[in-house]
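# Observations on the model geometry
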Amino acid sequence: MIAFIKKRTPFSLKRQPGFGLIAGLCFVMLYAPIITLVIYSFNAGKYISPWEGFSLQWYAAAWKNEAVQDATIRSLFLAIQAGIYSTVLATMAALGTTRTRPFRGLMAIYAMINQPLMVPEIVTAVALLILFAMIKSLTGIQGMFYLVIAHTAFCIPFAYLPIRARLEGMDLNLETAAADLYATPWKTFWRVTLPLLFPGIIAGAMLAFVISLDDVVITEFIKSSGQETLPTYMLGQLRRVVTPEINAISTVLLGLSISVVCLLFFVERRSRK
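Every value quoted in this text rests on a predicted model; they were computed, and no experiment measured them.

With that out of the way, let us pick up the layout of surface pockets. In this structure, the largest pocket spans a volume of roughly 380 Å³. Lining the largest pocket are 16 residues, and of these W63, V68, T72, L230 and V252 lie nearest its centre. Looking at the lining of the largest pocket, the elements with two or more residues in it are helix 2 (57-64), helix 3 (66-98) and helix 12 (244-272). With six residues, helix 3 is the largest single contributor of residues to the lining of the largest pocket. Split into classes, the residues belonging to the lining of the largest pocket amount to 13 nonpolar, three polar and no charged.

Okay, here's the thing in structure tokens:
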């Protein structure tokens, strides 16, 4: 009777009928518009379509455009600052929530840190707009630092996740051994914890940088006159006549984002070895 029992094969999604077709259609719908955008950034014509030949003139036009230059510099300045500040705060939060004994309210702290991930971005943008409007009316102080604060607050959970994951995967015996050798907590952090945590910090910083660089909603609500970033500049141009110059800028921004994400992948992969 045992001989007639068929051997069960392990369940695999790849062997399910239609799974490959559905996956292929999803990839086509996801990447076909992006590929089309990249191709038409090399269009020689003045309009997005039809195709009128290959040319790099729109990349040159974007390079010489002073408004694009100012918006790009401002975007990089904002993303670098937000990435640094959010990573520092996320590292402190990760250490405070992983290098401690469980206590009442820990889950509430997790929820507060990850709040920007759970709440729609438009809600966060409106809340920050109201708060900063009150501060401006009371103090009369204007400046770019409002955007820096807004981006930093929004990027903290994105930097927090890889840093916390790195901390939870670290061997506590190394820190315990340093303490047994009479190392102070501060020296243990600098000599043991920080070097092991550094790949997670780099990953969190790069992720926060990309999120800040690509953000539109919060920037659109918080920015003042003369504080256009590259994404908001492109959004404003889309309301007018759309030329392949926008495609060229989008392609460059896409390439920068992909480069940072690839670097993030290699850092994560190397940290696991």
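Applying the stated criterion across every chain yields a total of two salt bridges. Among the salt bridges present, the one from R164 reaches E168, with a minimum N-O distance of 2.9 Å. Of this pair, R164 and E168 both sit in helix 7 (residues 145-168), four residues apart, which is roughly one turn of that helix.

Among the structural elements, T229 can be located in the loop between helix 10 (217-222) and helix 11 (230-238). Setting aside anything within four residues of it in sequence, one finds T229 in contact with A71, S75, L78 and T219.

Quick look at the nonpolar core now. Y160, I163 and L197 are the most contacted members of the largest nonpolar core, which totals 18 residues. Those residues within four positions of I163 in sequence are excluded, and the remaining contacts are T87, A90, T91, A94, L197, G200 and I201. Grouped together as the second largest cluster of nonpolar side chains are 17 residues, A62, A79, I249 and L264 included.

Scoring rules and cut-offs
Residues numbered from 1 in each chain as written. Predicted model: local features only at pLDDT ≥ 70, side-chain atom pairs only at ≥ 80, totals over all residues. Heavy atoms only, no water. 1 Å grid on protein atoms, 1.4 Å probe; cavity = no way out; pocket = protein on both sides within 12 Å on 5 of 7 lines; lining within 4 Å. Points joined across faces, edges and corners; volume = space filled by probe spheres on them. Helix = DSSP H or I, 4+ residues; strand = E, 2+ residues; numbered from the N terminus. Nonpolar A, V, L, I, M, F, W, Y, C, P; charged D, E, K, R; others polar. Salt bridge = Lys/Arg side-chain N within 4 Å of Asp/Glu carboxyl O. Contact = heavy atoms within 4.5 Å. Core = buried A, V, L, I, M, F, W, Y, C linked by side-chain atoms within 4.5 Å. Buried < 20%, exposed > 50% of the residue type's maximum accessible area, 1.4 Å probe, protein only.

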